[in-house]
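Below, each chain spelled out in residue letters.
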Amino acid sequence: MTSRRKKIYEGKAKILYEGPEPGTLIQYFKDDATAFNGEKKAQLEGKGVINNRISEYIMTRLAGIGVQNHFIKRMNLREQLIKEVEIIPLEVVCRNIAAGSLSKRFGIEEGQPLPRSIIEFYLKDDKLNDPMVSEEHITAFNWAQTQEIDDMMAATLRVNDYLCGMFAAVGITLVDFKVEFGRLYEGDFSRVILADEISPDSCRLWDSTTNEKMDKDRFRRDLGGVIESYTEVARRLGIMKEMPTVIQGGIH
Ligand code: TMP
């Protein structure tokens, strides 16, 4: 399925196309998987289809509890219509349990519950390998304003509370996740809303009973069964019941 629309931006896992009307874009989910800043690459057939559905489901539920986000509607297997925003060049990470770069940086064993949820900011800049930044850096270099930082932190904590409960209800522990925000302009004013995607590419999800990884760490760490795990996440959330046939059918 290729689009004839004008390409606005291509990232590692998604492409943004011009939308059908001003203020909208189409977000296309690719099957490309990358890790370690693009050093490791693969095509995982069906990943884009699953992430499109999981992200739709999560963004819709978040909108339902008042967390404003860019999602408008899903258009087909790989595309969704979204509101056009000015992306804030930060990755906002929220952690409940030690894992990944936090474990490495501070020497805390993976799986150790954190004393409280921790929010971190990383600068979205592949050339610099997405360095961690402080609020001082963010305001001094004008990547975001103090009020925007406060709004992003409050929204991220709400997302965390809600998603922890949503995943716990289906036997999955939300270890950590990354979100991105964008500015939605209304006249002279702008407000910060949730953008990008929320999927097993951007979360750490562990089976609550076995602690088995059900997210992109399966790809990063060569554990195999990546698509099977993403599909299981979707199945437990009650979506994508038709997924196995979609994968076998080789939808592009
Ligand atoms: P980290 O432990 O590698 O810093 O990752 C923290 C969380 O952020 C984890 O859920 C994976 C997610 N993440 C992304 O979505 N994109 C990235 O580029 C990185 C480094 C992490």
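Below or above, wherever it landed, is the structure these notes cover. Because the structure is a prediction, the values reported are computed rather than measured. (Residues numbered from 1 in each chain as written. Predicted model: local features only at pLDDT ≥ 70, side-chain atom pairs only at ≥ 80, totals over all residues. Heavy atoms only, no water.)

## Considerations on the sheet that holds strand 6 (residues 71-74)
And then number 1: Taken together, five strands build an open sheet; the order of strands is 1-2-3-7-6 and the sheet is antiparallel. In the strand order of this sheet, the two ends are held by strand 1 (7-10) and strand 6, each with one partner. The mean angle between the axes of side-by-side strands here comes to 25°, regardless of whether they run parallel or antiparallel.
And then number 2: Judged from the five bridges that link them, strand 3 (residues 24-29) and strand 7 (residues 79-83) form a sheet pairing that is antiparallel. (Pairing = 2+ DSSP bridges. Helix = DSSP H or I, 4+ residues; strand = E, 2+ residues; numbered from the N terminus. Axes fitted to C-alpha atoms, helices over the stretch in contact; angles between N-to-C directions.)

## Regarding the packing of aromatic side chains
And then number 1: Going through the model one piece at a time under the given rule, you end up with two aromatic pairs.
And then number 2: For the ring pair Phe-141 and Trp-143, a centre distance of 5.1 Å and an interplane angle of 35° mean the geometry is tilted.
And then number 3: Judged by its relative accessible area of 53%, Phe-141 falls in the exposed class.
And then number 4: Seen from the ring of Phe-219, Lys-40 lies directly overhead, with NZ or CZ sitting 5.1 Å from the centre. (Phe/Tyr/Trp six-rings, centres within 6.5 Å; stacked < 30°, edge-to-face > 60°. Buried < 20%, exposed > 50% of the residue type's maximum accessible area, 1.4 Å probe, protein only. Lys NZ or Arg CZ within 6 Å of the ring centre and 35° of its normal.)

## A few points about the nonpolar core
Soluble globular proteins: nonpolar side chains tend toward being buried together.
And then number 1: Counting residues in each nonpolar core, the largest one holds 49 residues, and the members touching the most others are Met-152, Phe-167 and Ile-198.
And then number 2: With five residues, the next largest nonpolar core counts Tyr-17, Ile-26, Tyr-28 and Leu-81 among its residues. (Core = buried A, V, L, I, M, F, W, Y, C linked by side-chain atoms within 4.5 Å.)

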